[in-house]
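Take a look at the letters that make up each chain.
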Amino acid sequence: MGTRQRTTRQGEAVLAALSANDAFRSAQELHAELHRQGDRVGLATVYRHLQVLVDRGQVDAVRTDDGETVYRRCATTAHHHHLLCRDCGDTVEIEAPAVERWTAQVAVEHGFSDIDHTLEIVGTCARCRASS
């Protein structure tokens, strides 16, 4: 049985800030946005609520090339992957049945069970390519 965290004003503010934009954003960016809006939420509180939202499957977290974790509220709570523009942060949620079959096959071949995985495909979107 998991730990249940009650919904708070700060948690709702973090979720609303994530919902206002489709791009992945850092905790620091969300914290700054909340302060601009007049919401006095501490950075540690933002991190704590982001982790709760990730644990609940309401938010995805990915690690950038420089090691920073960024967050995004996704359209689905079903398992999916992301195609992410390295320039503008534009993100497309994708299903990848071939990847799912491959990970299951690799796990079986090596005697693993109860597997999980993440896949983020990073590139440059058409809009950014056109503006270069």
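See the structure printed just above.
A few points on the structure. These numbers were taken from a predicted model, which means no experiment stands behind them.

Some thoughts on helix 1 (residues 9-19)
Within helix 1, burial applies to G11, A13, V14, L15, A17 and L18. Those residues of helix 1 hidden inside the fold are in contact with strand 1 (25-26), helix 2 (27-36), helix 3 (43-55), strand 2 (59-63) and strand 3 (69-73).

Quick notes on the packing of helix 1 against helix 2
The description of two helices packed together rests on the angle between their axes and the distance between the axes. Direction vectors running N to C along helix 1 and helix 2 enclose 105 degrees, while the axes themselves pass 10 Å from each other. Looking at the two axes, helix 1 sits roughly perpendicular to helix 2. Contacts between helix 1 and helix 2 pair A13, V14, A17 and L18 from the former with L30, E33 and L34 from the latter. When grouped by side-chain class, the residues that make up the contact of helix 1 with helix 2 number six nonpolar, no polar and one charged.

A look at helix 4 (residues 97-109)
Helix length check: helix 4 (13 residues) gives 18 Å between terminal C-alpha atoms against 18 Å at 1.5 Å per residue, within 8%. Where helix 4 terminates, the next one or two residues include G111, which has phi positive at roughly 75 degrees.

Some details on the packing of helix 2 against helix 3
Where helix 2 contacts helix 3, the axes come no closer than 9 Å and their chain directions differ by 120 degrees. Compared by their axis directions, helix 2 and helix 3 come out oblique. The handedness of the crossing between helix 2 and helix 3 is right-handed. On the side of helix 2, the interface is formed by A27, Q28, L30, H31 and L34, while helix 3 contributes L43, V46, Y47 and L50. Considered class by class, the residues forming the contact of helix 2 with helix 3 number seven nonpolar, two polar and no charged.

A few points about the pattern of salt bridges
What the rule picks out here adds up to three salt bridges. Among the ionic pairs, E33 bridges to R25, the shortest N-O distance being 2.5 Å. The buried category is assigned to R25, whose relative accessible area is 8%. The salt bridge partner of R72 is E93, with a shortest N-O separation of 2.8 Å. Of this pair, R72 sits in strand 3 while E93 sits in strand 5 (residues 91-94), and the two are 21 residues apart along the sequence. The class of R72 is buried, set by a relative accessible area of 6%. E93 sits in the partly exposed class, given a relative accessible area of 23%.

Parameters and conventions
Residues numbered from 1 in each chain as written. Predicted model: local features only at pLDDT ≥ 70, side-chain atom pairs only at ≥ 80, totals over all residues. Heavy atoms only, no water. Buried < 20%, exposed > 50% of the residue type's maximum accessible area, 1.4 Å probe, protein only. Helix = DSSP H or I, 4+ residues; strand = E, 2+ residues; numbered from the N terminus. Contact = heavy atoms within 4.5 Å. Axes fitted to C-alpha atoms, helices over the stretch in contact; angles between N-to-C directions. Parallel < 35°, antiparallel > 145°, perpendicular 65-115°, else oblique. Nonpolar A, V, L, I, M, F, W, Y, C, P; charged D, E, K, R; others polar. Expected span 1.5 Å × (residues − 1). Left-handed = near helix turned anticlockwise from the far one by under 90°. Salt bridge = Lys/Arg side-chain N within 4 Å of Asp/Glu carboxyl O.

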